[in-house]
Amino acid sequence: MANTKEYSRNRADSKISKIVIDRDLCIGAASCIAVSGATYELDGENKVIVIGANEADDDTLLLSAQSCPTKAIFLYDKEGKQVFP
Amino acid sequence: MESYKYLIVGGGIAGVTAAETIRQTDKDGSLAIISDETYPLYSRVMLSKPPFFLGKIPFESIYMKGPEWYAENHIAYLAGKTATALLPAEKILTLSDGSKIKYEKLLLALGVAARTWAVPGAEKKGVHYLRTLDQGRGVIESIKTAKRAIIIGGGFIGFEMADLLRLAGLEATMLIREKYFWEPLLDEKSGQMVEAALLRTGVAIMRETEVAEVLGTDVVSGVRLKNGEVLPCDMIMCGIGVFSPLDWLKDSGMKFGRGIIANEYLATNIPDIWTAGDVAEYRDILLEETLELGNWANAREQGRVAGINMAGEPMKFKFVSFYTTQGMGVTITFVGDVHPGPDRTIIARGSPELNSYGRIIIVGKELVGATLMNRTKEMSVISKLIDHNVDVSAHHAELGDPNFDLAKLLPAN
């Protein structure tokens, strides 16, 4: 994956340990922010960055990734296996 | 006769978001979505993005909801049907299969249709549009064997298809009727920046060019231009605009122009009927204009607000919409309303020479929109300037200075 940013997550009750944003796919639609404004924000290039990797529970995080129209949010578990998409 | 408390016509992002929003407060009211496609919600945005199109990610990634989402939320999905008549007094909607459905509250989230290319031969195999998933499949198939493509039209589809076709290794020529790319939505300088990117990528551009006839047997083999020139090709991508097929509403009493007319609550002129998404010609309270805006963010947000209104809470739609596309080294961003007009003052920010060129569009004292070439970082602050109705009449010089931080014009918070 070319233009990606990775964010570690170490929330106690979570199965997800990494959030990755593909900045080439991200079109700044901001639907993820609508789901979890505590997790995401738009940066100066109108791409999504993670501001709070541990803020949302797994269900909310999954919903936020599902809401992205370009599937630019990737979620991985502790073993490094891709959970979404 | 089937009957639903909430009936939503349109299974795209506006319709589905409305349904999702209604379900947040009304878990039991019967709800149905009618769609002319048979698929669950998929991302129309992703349809023209390289990872999906070039097969780098699984085809199924296109779906945003699975069939189980509809079942879990008690949403009846009436797929593969079109609405053909509306009787507002009786609150009955007739569908293409002859069935009639009664409703208490109706949402028309019909989207828009791709304009059909009206030249002789345009119905030949190999002539493609890109609106639906099935059409996307058709293009993906064609690309496997095609060597030379012609793109008709300069706009989002033309731009994104040019990028995709070149990434797929095809030769590509773009034919536009206008003098420059995306006239008049972009100005000449912005259009030329895009053209430079297209040319660098190996896309030939023919301006002020129109096709007289599509050549070939039942499969396309080329086009004959109005000037007589013949260009061979084995596939054609057509992106020449959109329209709303609203003829079926002409006897219903519904007010419509280019789109279905809506007030700031996204309500139509008929009680208990709302509209949302690309089809809505709505009252924008920030811009104080009536406009029709076709992009994902707008459709999603309108679906949400229409859903809130339908579930019983009056809420005004207040949103500065935006859309970005990028490819071939250039990013084009639209914010707010970018339509040209005699009442618009345009202030340039940056220049093509700097490879960073924005146009701030002002009506009266306030910003209404902006077009940004490689200046997406200002999208957010420009949205805020529009949202806060900032009076910029004394600040045209600053707006024209590409190094001036626009955030300084925001109200102090």
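Chemist: Would you mind going over the overall build of chain B in detail, with residue names and values included?
Modeler: Within chain B one finds nine helices and 25 strands. Here the C-alpha radius of gyration of chain B, 22 Å, is about what a compact globule of 413 residues would show, namely 22 Å. Its C-alpha atoms give chain B principal-axis dimensions of about 65 × 60 × 40 Å. For chain B, with 413 residues in total, the buried portion stands at 44%.

Chemist: An account of the interface of chain B and chain A is requested, with residue identities and associated values reported.
Modeler: Taken together, the contact pairs 15 residues of chain B with 15 residues of chain A. Counting only elements with at least two residues in the side of chain B that touches chain A, the list comes to helix H7 (296–310) and helix H8 (379–387) of chain B. Residue contributions to the side of chain B that touches chain A peak at three residues, all from H7(B). Of the residues contributing to the side of chain B that touches chain A, the split by class is seven nonpolar, five polar and three charged.

Chemist: Which residues make up the sheet that holds strand E20 (residues 289–291) of chain B, and what are the values?
Modeler: All names here are of chain B. Spatial strand order, E17-E19-E20: three strands in an open sheet with mixed pairing. The open sheet terminates on both sides in strands that have one partner only, identified here as strand E17 (260–262) and E20. The sheet shows a mean angle of 20° between the axes of neighbouring strands, taken without regard to direction. With three bridges joining them, E17 and strand E19 (residues 280–284) adopt parallel strand pairing. Paired with Ile261 across the two strands is Glu281, which belongs to E19.

Chemist: An account of the pairing of strand E5 (residues 92–95) of chain B is requested, with residue identities and associated values reported.
Modeler: Side-chain direction in a regular strand flips from residue to residue, so the side chains alternate between the two faces of the sheet. Residues and elements named next belong to chain B. As paired elements, strand E4 (residues 83–87) and E5 share four bridges and run antiparallel to each other. In the strand pairing of E5, Ala85 is matched with Thr94. The hairpin turn running from E4 into E5, its antiparallel successor, is four residues long, and Lys91 in that turn takes a positive phi close to 60°. Following E5, the chain reverses through four residues before pairing antiparallel with strand E6 (residues 100–108); Gly98 in that reversal takes a positive phi of roughly 90°.

Chemist: Quick one: what's the story with the sheet that holds strand E5 (residues 73–77) of chain A, residue by residue and with numbers?
Modeler: All names here are of chain A. The sheet built from four strands is open, its strands ordered E1-E2-E5-E6 with antiparallel pairing. Pairing within the sheet leaves two strands with one partner each, and these edge strands are strand E1 (4–8) and strand E6 (82–84). The mean inter-strand angle of the sheet, taken between neighbouring strand axes irrespective of direction, is 30°. Bridge count for E5 against E6 is two bridges, and the pairing is antiparallel. Across the sheet, Leu75 pairs through a bridge with Phe84, a residue of E6. Sitting on the sheet, helix H2 (residues 58–67) touches strand E2 (16–22), E5 and E6, and the angle it makes with E5 is about 145°.

Chemist: Go over H2(A), please, and point to the residues and values.
Modeler: Residues and elements named next belong to chain A. Of all the residues in H2, the buried ones are Leu61, Ser64, Ala65 and Ser67. Down the axis of H2, the sector holding all buried residues measures 165°, keeping them to one side. Of the surrounding secondary structure, the elements contacted by the buried residues of H2 are E2, helix H1 (31–35), E5 and E6.

The rules behind each value
- Residues numbered from 1 in each chain as written.
- Chains lettered and ligands numbered in written order.
- Predicted model: local features only at pLDDT ≥ 70, side-chain atom pairs only at ≥ 80, totals over all residues.
- Helix = DSSP H or I, 4+ residues; strand = E, 2+ residues; numbered from the N terminus.
- Rg over C-alpha atoms; globule rule 2.2 N^0.38 Å.
- Buried ≥ 20, exposed ≤ 12 C-beta atoms within 10 Å, placed from the backbone.
- Contact = placed C-beta atoms within 7 Å.
- Nonpolar A, V, L, I, M, F, W, Y, C, P; charged D, E, K, R; others polar.
- Pairing = 2+ DSSP bridges.
- Axes fitted to C-alpha atoms, helices over the stretch in contact; angles between N-to-C directions.
- Arc of directions from axis to C-beta.

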